[in-house]
Amino acid sequence: MRSTFSSGIHVAIIMDGNGRWAASRGLPRLSGHRAGAEAVRRTVESAPALGISVLTLYAFSSDNWRRPRNETAGLMKLLARYLLQEADRCVANGVRLEAIGRRDRLPAALIELLEETERRTAGGDKLLLRLAIDYSSRQAIQDAAAKGGDLSQHLGPDVDLLIRTSGEQRLSDFLLWECAYAEMVFTRRMWPDFSGEDLAAAVEEFQRRERRFGAVTARTA
Ligand code: FPP
């Protein structure tokens, strides 16, 4: 399954700044998340042409359950709406959707939609879109360790480029194992303002970096 998507790079994004984007406009936080969902659409649309074959988006961390109930419920509804509205376009554009994270605490309707969208998009071979929902990397690593053997077999593909928006510079329990050799790009842009051009700029920055994976190269010898 993974080999279908190994031709391009794996970009993972911590989509941060929805709340601040809304507050700076005097809007409720959920308006920021709604605008964030539009940025997700733009990002997914721009990714394949930039040589991205796997895109992992941090949509809801397990720690996000600590937020007020109206915000977590609103985010769950927004995710469901996204799946309802985008499934056809995913099928038409060869996007395979997959959710990572815990499912047992999600609303039943969202679990059903996730399963249905995963089934419907299973044939997609242009882009693997992984939505991290109720996701904790520590939990994922613990679960993988409990299965035994090589942990990599039970976790996702290595991340090439990690992007975090809004000026924050931390991993927040996202893909800790998979980011072992990830290049990191931090941008001050708030997630709802993130555009295809911003994604292209981050990929260009990534391509300028020299990845050594611990070895020496002509430049460092
Ligand atoms: C972080 O901003 C963002 C989130 C916790 C949620 C991310 C969700 C979306 C982008 C929308 C829905 C997603 C999909 C896939 C359709 P924040 O609220 O922590 O912002 P702040 O740090 O400014 O408060």
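Just so it is clear, the structure is predicted and the values come from calculations on it, not from any experiment.

**Q** Mind showing me how you'd approach the side chain of His33 here?
**A** Residue placement: His33 occurs in helix H2 (residues 29–46). Not counting the four nearest positions on each side in its chain, His33 is found in contact with Asn18, Arg67, Glu71, Leu75 and Leu78.

**Q** Sorry if this is basic, but what is going on with the site of the ligand here?
**A** Met15, Gly19, Arg20, Arg29 and Arg67 are the nearest of the 19 residues found near the ligand. The side chain of Asp16 places a nitrogen or oxygen atom 3.1 Å from an oxygen atom of the ligand. Summarising the interface, the protein chains cover 92% of the accessible area of the ligand, which totals 620 Å² for the free molecule. Counting atoms within 2 Å of the grid points, the majority share of the ligand lands in the largest pocket. Listing elements by their share of the shell around the ligand, those giving two or more residues are helix H1 (18–23), H2 and helix H3 (69–92). The greatest single-element share of the shell around the ligand, amounting to 5 residues, is contributed by H2.

**Q** Mind showing me how you'd approach unusual backbone geometry here?
**A** If a residue is not glycine, its phi is most likely negative; likewise, a peptide bond is most likely trans. We note that Asp134 has phi near 50°; this positive angle belongs to a residue other than glycine. By secondary structure assignment, the location of Asp134 is in strand E4 (residues 127–135). With a relative accessible area of 1%, Asp134 lands in the buried category. Backbone geometry at Ser166 places phi at a positive 80°, although glycine is not the residue there. Considering the arrangement of structural elements, one finds Ser166 in the loop between strand E5 (161–164) and strand E6 (183–186). For Ser166, a relative accessible area of 7% corresponds to the buried category.

What counts as what
- The residue numbering used here restarts from 1 in each chain and proceeds along that chain's sequence as written.
- In keeping with the predicted nature of the model, local features appear solely for residues at pLDDT of at least 70, side-chain atom pairs appear and are counted solely at 80 or more, and the whole-chain, interface and lining totals rest on all residues.
- Note that the side-chain values use all heavy atoms of the structure and ignore hydrogens as well as water.
- Helix and strand definitions follow DSSP, with helices as H or I runs of at least four residues and strands as E runs of at least two, each counted in order from the N terminus.
- Should any heavy atoms of two residues lie within 4.5 Å, those residues are considered in contact.
- Neighbouring residues are identified by heavy atoms, a residue being near a molecule or strand if any of them is within 4 Å of it.
- Pairs of N or O atoms within 3.5 Å make up the polar contacts considered here, provided that, within protein, one atom can donate a hydrogen while the other can accept it, and that residues adjacent in sequence are counted only when both atoms are side-chain atoms.
- The accessible surface values rely on the Shrake-Rupley method and a 1.4 Å probe; as for residues, cover is taken only from the protein chains in view.
- Cavity and pocket criteria rest on a 1 Å grid covering protein atoms alone: a 1.4 Å probe that fits but cannot get out defines a cavity, protein on both sides within 12 Å along at least 5 of 7 lines defines an open pocket, and an atom within 4 Å of a point defines a lining residue.
- A cavity or pocket is said to hold a molecule if more than half of that molecule's atoms lie within 2 Å of its grid points.
- Three exposure classes are used, based on accessible area relative to the maximum for each residue type with a 1.4 Å probe and protein chains only: buried under 20%, partly exposed in between, and exposed over 50%.

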